[in-house]
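Architecture at a glance
Listed below, chain by chain, are the residues.
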Amino acid sequence: MRRLRHYARLLAVQMRTSLTLAVQYRFDFFLEGALALFWLAITLIPLLVVYSRRESVAGWSFPEALVVVGWFSVLKSVLDGGVTPSLNFVVEGVRKGTLDFVLLKPADAQFLVSTARFEPWRILDFLGSIAVLVYAFHRLGHAPRAGDLMVGLALFGVALILLYSLWILVVSVSFRVVKVDNLSYLFISIFDAGRWPIDVFKGALRLIFTVVFPLALMTTYPAQALLGKLTSAHALLAGTGGLAFAAIARFVWKRALRAYTSASS
Amino acid sequence: MIRARKLCKTYRVHRRPPGLLEALRSVVRRRYEEVRALCDVSFDIAPGERVGFLGPNGAGKTTALKILSGLLYPTSGSVTVGDFVPQDRRTEFLHMITLVMGQKQQLLWDLPPAETFAMNRALFDLPRDEADATQKELVDLLEIGPLIGKPTRQLSLGERMKCELVAALLHRPRVLFLDEPTIGLDVSMQARVRDFIRRYNESTGATVLLTSHYMEDVAALCPRVIVIDKGHLVYDGDLRTLARRIRPEKRITMHFSSLPAPGELDRLGNCVARSELQATLAVPAAQVTEAVRAALGRLPISDISVEDPPLEEIMQEFLGGQPANGGVRSA
Ligand SMILES: Nc1ncnc2c1ncn2[C@@H]1O[C@H](COP(=O)(O)OP(=O)(O)OP(=O)(O)O)[C@@H](O)[C@H]1O
Ligand SMILES: [Mg+2]
């Protein structure tokens, strides 16, 4: 119990620090916010282009595909606002050796690096994405059923766990190869494919996006759940997949810590 | 308090010759090279001791401190600090130690040091009033009251170092690992930091392990030194004993009111520095009194002083004449 309180307090302090850092550069704050919304709009363009010529793609109508995009954007705002900043923090810490100070603190290192930085203005992005989702259901002409919404929210949790686990894996790799700028770029590029329903991909790519880099579990399945199209078998698969990834990530992280050599001097 | 047995650390580094072609080749086939940073280093340090780590660049001092603080795993050998194995990174252990690195900083660059202090208070789960009292005490001792509200990036090197010390000591650690804590500081600031470390040690009984390239620091702070060269422990004991053994001589520096007669100086001892109206002689310790008396009698002296040879020079001689894997010499 005391431990839980300790970690709650730590989270609060870390968030406060990020917030203080963010408002220090108020101009950036607004600029980044505006940019985030701009990028959200850009995200919609490929979809509009594709659907301007046909009614459905791989069995997905325009509003249905829009649900996937909306869902993808929600996740992306979480990624950009809560995950990528911390990733950059760790990568820099490994390169410069300042991660030493994190490892010297009496708290779980994984927790500390995961909560190191947030970008609070991404909340705009998040809200914009919710708006896209709402618009998509408006076009569909009906709201998601309560049960579907519940499953969708549960899968949102699974998606976050997956995203986070993948990220921990990337960080673990950074302990060995040190320079992971390219790796995080690759990560973000692959993640970008999540804006398309999984049925768009064929063959090997589809398998990879379901099992190795489980984009399907992160965006398509939750969107299907909201649309009331997800079978319970798939929902279960997503849940187990999330837990499996989390366990693997934790294991790899622990191993990676042993390999950390800390930059000289 | 600290116990190291046959400590070895080998870094595996990816070697990449310069040039684009070589760089491309190394993507396909990586070549590794082993760097032996520490080799069979053993020592014991009692609670409350102040010990200096000495050695040339790349000797393995920082590596040793990182192993002692649990950041690195030794390749072989064992370490305990208190009752703990550092690499387990147990909470009690981390509460007990601190590591200050002159080359790296934990202070948040864009925020005032006070923010980092608040962060550490939460990290170490310190009761608020206790942490406030410690912080006030440290801040007063180092005289940095007005600074802790200014963004770190606006502080000078010395000011930042003092704030680093506060951040590192807020949880009142009982073992201090200090890696070049005075690097880049001016002489008076060095003396202040030194003083502070000594006072902390004396008032709390904490164990201090320090590395520095400034011999003054080590001479003033550490009754005991451990000398490491190329990863090997080559001396463990009293600094002055080492100095006397390497250079069992004193330096007599004389200022003249007029040019001394030629030849007179050489009869007194070995002349190590000479300018028109000044000379420094190296004289065996036992013959100093005699030499001074003779000098005063025969030379036009306006000022005279007797000193130990500079420690820098002694270390240079000690390490310069050292075989790569010489045996341990102890006091
Ligand atoms: N992270 C690392 N990866 C690979 N090699 C390293 C690493 N850190 C140190 N080394 C090597 O290990 C050896 C010892 O380095 P270390 O930093 O311990 O020396 P030091 O005694 O602290 O030197 P200095 O006085 O210059 O700080 C050096 O040869 C160095 O190149
Ligand atoms: Mg060093």
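Residues numbered from 1 in each chain as written. Chains lettered and ligands numbered in written order. Predicted model: local features only at pLDDT ≥ 70, side-chain atom pairs only at ≥ 80, totals over all residues. Heavy atoms only, no water.

Looking only at helices and strands, chain A has 11 helices and two strands in total. In chain A, the succession of helices and strands from N to C terminus is α-α-β-β-α-α-α-α-α-α-α-α-α. For 265 residues, the compact-globule formula gives about 18 Å, and the C-alpha radius of gyration of chain A, at 19 Å, lands near that figure. In terms of overall dimensions, chain A has a C-alpha envelope of 60 × 40 × 40 Å along the principal axes. When burial is assessed residue by residue, chain A has 49% of its 265 residues classed as buried. At a minimum sequence separation of 6, the contacts of chain A that also span at least 24 residues come to 79%. Accessible surface, chain A: about 13,000 Å² in total, of which carbon and sulfur atoms supply 69%. (Helix = DSSP H or I, 4+ residues; strand = E, 2+ residues; numbered from the N terminus. Rg over C-alpha atoms; globule rule 2.2 N^0.38 Å. Buried < 20%, exposed > 50% of the residue type's maximum accessible area, 1.4 Å probe, protein only. Contact = heavy atoms within 4.5 Å. Areas by Shrake-Rupley, 256 points an atom, 1.4 Å probe, with all protein chains shown as cover.)

The next subject is the overall build of chain B. Per the secondary structure count, chain B includes 12 helices and 14 strands. Once the C-alpha set of chain B is aligned to its principal axes, its extents read approximately 70 × 55 × 45 Å. When burial is assessed residue by residue, chain B has 51% of its 331 residues classed as buried. Expressed as a percentage of contacts within chain B between residues at least 6 apart in sequence, the contacts between residues at least 24 apart total 72%. Treating the 44 positive side-chain charges of chain B as one cloud and the 41 negative ones as another, the clouds have centres 6 Å apart. (Lys, Arg positive; Asp, Glu negative; His and termini not counted. Charge placed at Lys NZ, Arg CZ, Asp CG, Glu CD.)

The next subject is the domain arrangement of chain B. What the domain assignment lists for chain B is domain 1 (2-243) and domain 2 (248-307). Distance between the C-alpha centres of domain 1 of chain B and domain 2 of chain B: 43 Å. (Domains from an automatic or database assignment.)

Residue and element names in this part refer to chain B. Along helix α11 (residues 288-298), the residues that are buried comprise Val288, Ala291, Val292, Ala294 and Ala295. Around the axis of α11, the buried residues are gathered within 165 degrees of arc, so they sit on the same side. Among the exposed residues of α11, those pointing more than 90 degrees away from its buried face are Thr289, Glu290, Arg293 and Gly297. (Arc of directions from axis to C-beta.)

Time to look at a positive patch on the surface. There is a patch of like positive charges on the surface, built from Arg176(A), Arg255(A), Arg258(A) and Arg12(B). Within the element layout of this structure, Arg258(A) appears in helix α11 (residues 232-259). (Patch = residues over 30% accessible without salt bridge, like charges linked within 9 Å, V, L, I, M, F, W, Y side chains within 5 Å. Salt bridge = Lys/Arg side-chain N within 4 Å of Asp/Glu carboxyl O.)

Below, the discussion takes up the interface of chain B and chain A. Accessible area lost upon the coming together of the parts serves often as the stated size of an interface. Between chain B and chain A, the contact holds 32 residues from the first and 34 residues from the second. Overall, the association of chain B and chain A removes approximately 3,000 Å² of surface from exposure, summing both partners, and the carbon and sulfur fraction of that is 60%. The largest contributions to the chain B side of the interface with chain A come from Leu71(B), Lys104(B) and Leu123(B), which together make up 20% of the buried area. On the surface where chain B and chain A come into contact, there are three salt bridges. Linking chain B with chain A are seven residue pairs in polar contact (both at pLDDT 80 or more), by the criterion used here. The set of elements that each furnish at least two residues to the side of chain B that touches chain A consists of α2 (61-68), α3 (91-96), β5 (97-101) and α4 (113-123) of chain B. The biggest single contributor to the side of chain B that touches chain A is α4(B), with seven residues. Residue composition of the side of chain B that touches chain A, by class: 16 nonpolar, eight polar and eight charged. (Buried area = accessible area lost by both parts, 1.4 Å probe. Polar contact = N/O pair within 3.5 Å; in protein donor to acceptor, adjacent residues only side chain to side chain. Nonpolar A, V, L, I, M, F, W, Y, C, P; charged D, E, K, R; others polar.)

In terms of nonpolar packing, the biggest core is built from 115 residues, with Phe175(A), Met218(A), Phe43(B), Leu68(B), Val81(B) and Phe177(B) touching the most fellow members. With 16 residues, the single largest contributor to this core is helix α3 (residues 62-96) of chain A. Among residues more than four places away in sequence, those in contact with Met218(A) are Trp71(A), Leu75(A), Ala159(A), Leu162(A), Leu163(A), Leu166(A), Phe191(A) and Phe213(A). Judged by nonpolar contacts, the second largest core, of 48 residues, contains Leu169(B), Met189(B), Val193(B) and Val225(B). (Core = buried A, V, L, I, M, F, W, Y, C linked by side-chain atoms within 4.5 Å.)

Our focus in this paragraph is a nonpolar patch on the surface. On the surface, Phe27(A), Leu31(A), Leu35(A), Phe38(A) and Trp39(A) cluster together to form a nonpolar patch covering roughly 580 Å² of accessible area. The residue Phe27(A) is located in helix α2 (residues 26-51) in this model.

On to the sheet that holds strand β11 (residues 270-275) of chain B, then. Residues and elements named next belong to chain B. The four strands are arranged β11-β12-β10-β13 in an open sheet whose pairing can be described as antiparallel. Looking at which strands have only one partner, the edges of the open sheet turn out to be β11 and β13 (301-307). When the angles between neighbouring strand axes are averaged without regard to direction, this sheet yields 15 degrees. The sheet contact formed by strand β10 (residues 249-256) and β13 spans six bridges and is antiparallel. Of the residues in β13, the one forming a bridge with Thr253 is Ser305. The strands that α11 touches are β10, β12 (278-284) and β13; relative to β13, the one it contacts most, it runs at about 170 degrees. (Pairing = 2+ DSSP bridges. Axes fitted to C-alpha atoms, helices over the stretch in contact; angles between N-to-C directions.)

All names here are of chain B. Counting buried residues in strand β6 (residues 175-179) gives five out of five residues, a clear majority hidden from the surface. Along β6, one buried face is formed by Val175, Phe177 and Asp179 and the opposite face, lined by Leu176 and Leu178, is buried too. Here β5 runs beside β6; their pairing, made up of five bridges, is parallel. Paired with Thr98 across the strands is Leu176, a residue of β6.

All right, on to the packing of α2(A) against α3(A) then. Residues and elements named next belong to chain A. It is the contact of α2 with α3, at a shortest axis distance of 11 Å, that shows an interaxial angle of 155 degrees. Overall, the two elements α2 and α3 adopt an arrangement that is roughly antiparallel. The element α2 and its partner α3 pack so that their crossing is right-handed. Between α2, through Leu40, Thr43, Leu44, Leu47, Leu48 and Tyr51, and α3, the contact on the second element is made entirely by Phe62, Ala65, Leu66, Val69, Phe72 and Ser73. Among the residues forming the contact of α2 with α3, the class breakdown is 10 nonpolar, two polar and no charged. (Parallel < 35°, antiparallel > 145°, perpendicular 65-115°, else oblique. Left-handed = near helix turned anticlockwise from the far one by under 90°.)

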